[in-house]
Amino acid sequence: MSKKVFDVPVLLITFNRPETTCHVFAQIRKLKPSKLYIFSDAARIDKPEESELVEACRSLFDDSQINWDCQVEKWFADTNMGCAMGVSSAISWAFETNEKLIILEDDCLPHPSFFSFCKVMLDKYHNNDRVMHVSGTRWNGEFTMGQSDHFFSLIGHIWGWATWKRAWNKYDFWMEKLPEMKNQRKVQALFGDNKIARYWYDRFNEVYVQEKKSTWDYQWQYTLFLNYGLSVVPNVNLVSNIGLEGVHSSGEKTEDHFCETWPWENTGSQVQLAVNTQYERHHARKRFMRKPPMRIRIMNRVKNMLHLDA
């Protein structure tokens, strides 16, 4: 990859974790993309100690560190925008001048072949409106999906991903059509499972009723469901999450944080534009609907009891 110009724009989204940001940025520096977008959110007002960490992250992007032929655009926020508005606005900002985009957050460490996978799939499905998302992660490897170098899923994972402007233009931050989606039973139709549909509607409702949104990613998954969109998934996992703690993380170390990555090989597979319903149900139950460890459940129960007694 390093002998040729990598012409797919890359967006790096950062905040207050200089250590993980440094590792992710190192992979981007090896790639040497021709266009690089960097978004850095500001420290929160009630957490002044974050200012030093934010500045440490921003110092990583000094011109001396981007020492290849590259068009660089930086957006260093003056005030904290938060996860919801910050990330979604950064993506929209990068799409103002691009038709396709690779997106990495500061704790998503990509295998070098992640970029190759994204480029191949972005080109391959550029004109297919049904395909809206390219995932870098491959969950539930115990479920065999054949010999193809990629497959399709209903779920668009965001630990390293890519998409097109044509797809992002459909993004609905406020989830205005959620009532319509529920009435039409779209998620039930996609999964053929009422429990899985109820899980997603519960998650969407939590965000829908928030006057100030706390996240952006449920709205993207909602957008995929709303438009019957598909996500391209590699046959091997290409991104490891190296962030153990974050704004929306409990800090609990789980297998999710230590996903092993493998090299992806382009075999030129022609894949039917359809999902494996058995995999989708397995993935939903094992990745999303699984119960937390017994220790965590006991702690939560004790907290609830203490709250009731107060």
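Anything mentioned here points back to the structure above.
Residues numbered from 1 in each chain as written. Predicted model: local features only at pLDDT ≥ 70, side-chain atom pairs only at ≥ 80, totals over all residues. Heavy atoms only, no water.

## A word on the overall build of the protein
So, point 1. Of regular secondary structure, the protein possesses eleven helices and ten strands.
So, point 2. Residues counted as buried form 50% of the 310 residues belonging to the protein.
So, point 3. Counted over contacts in the protein with a minimum sequence separation of 6, partners at least 24 positions apart contribute 80%. (Helix = DSSP H or I, 4+ residues; strand = E, 2+ residues; numbered from the N terminus. Buried < 20%, exposed > 50% of the residue type's maximum accessible area, 1.4 Å probe, protein only. Contact = heavy atoms within 4.5 Å.)

## Brief notes about unusual backbone geometry
So, point 1. Backbone geometry at K32 places phi at a positive 60 degrees, although glycine is not the residue there.
So, point 2. Backbone geometry places R185, a non-glycine residue, at a positive phi of 55 degrees.
So, point 3. Along the polypeptide, R185 turns up in the loop between α6 (178-183) and α7 (186-191).

## Thoughts on the sheet that holds strand β2 (residues 35-40)
So, point 1. Across the sheet, which stays open at both edges, the eight strands sit in the order β3-β2-β1-β4-β8-β6-β9-β7 with mixed pairing between neighbours. Only two strands of the sheet have a single partner each, and these edge strands are β3 (71-76) and β7 (150-153). Along the sheet, successive strands turn relative to each other by an average axial angle of 25 degrees, direction set aside.
So, point 2. As paired elements, β2 and β3 share six bridges and run parallel to each other. Note on β3: the bridge partner recorded for Y37 is E73. (Pairing = 2+ DSSP bridges. Axes fitted to C-alpha atoms, helices over the stretch in contact; angles between N-to-C directions.)

## Quick notes on the packing of aromatic side chains
So, point 1. For the structure on display, the rule yields 28 aromatic pairs.
So, point 2. An angle of 85 degrees between the planes, with centres 5.4 Å apart, marks the rings of Y37 and W93 as edge-to-face. Of this pair, Y37 sits in strand β2 while W93 sits in helix α3 (residues 82-94); the two residues are 56 residues apart in sequence, bridging distant segments of the chain.
So, point 3. Residue Y37 is classed as buried on the basis of its relative accessible area of 2%.
So, point 4. Seen in terms of ring centroids, F173 and W174 are 5.0 Å apart; in terms of plane orientation they differ by 85 degrees. Their pairing is edge-to-face.
So, point 5. Pairwise contacts between aromatic rings join F191, Y199, W200, F204, Y218, Y222, F225 and F288 into one cluster.
So, point 6. Above the face of the W164 ring, R166 is positioned so that its terminal group lies 4.3 Å from the ring centre. (Phe/Tyr/Trp six-rings, centres within 6.5 Å; stacked < 30°, edge-to-face > 60°. Lys NZ or Arg CZ within 6 Å of the ring centre and 35° of its normal.)

## Some thoughts on the nonpolar core
So, point 1. With 62 residues, the main nonpolar core has I102, V134, M181, F191, W200, F204 and F225 as its most contacted residues.
So, point 2. Ranked by residue count, the leading element in this core is helix α8 (residues 194-208), at seven residues.
So, point 3. In this view, F204 contacts M175, L178, M181, Y218, Q221, Y222 and F225; residues no more than four positions away in its chain are not counted.
So, point 4. The next biggest cluster of nonpolar side chains, apart from the first, holds 25 residues, and it includes Y37, W161, A167 and W220. (Core = buried A, V, L, I, M, F, W, Y, C linked by side-chain atoms within 4.5 Å.)

## Some details on the packing of α8 against helix α9 (residues 217-226)
So, point 1. Running from N to C, α8 and α9 cross one another at 130 degrees; their axes reach a closest spacing of 10 Å. By the criterion of interaxial angle, the relationship of α8 to α9 is oblique. The chirality of how α8 crosses α9 is left-handed. The segment α8 lies against α9, with Y199, W200, R203, F204 and V207 engaging Y218, Q219, Q221, Y222 and F225.
So, point 2. Along the lines of polarity and charge, the residues of the contact of α8 with α9 split into seven nonpolar, two polar and one charged. (Parallel < 35°, antiparallel > 145°, perpendicular 65-115°, else oblique. Left-handed = near helix turned anticlockwise from the far one by under 90°. Nonpolar A, V, L, I, M, F, W, Y, C, P; charged D, E, K, R; others polar.)

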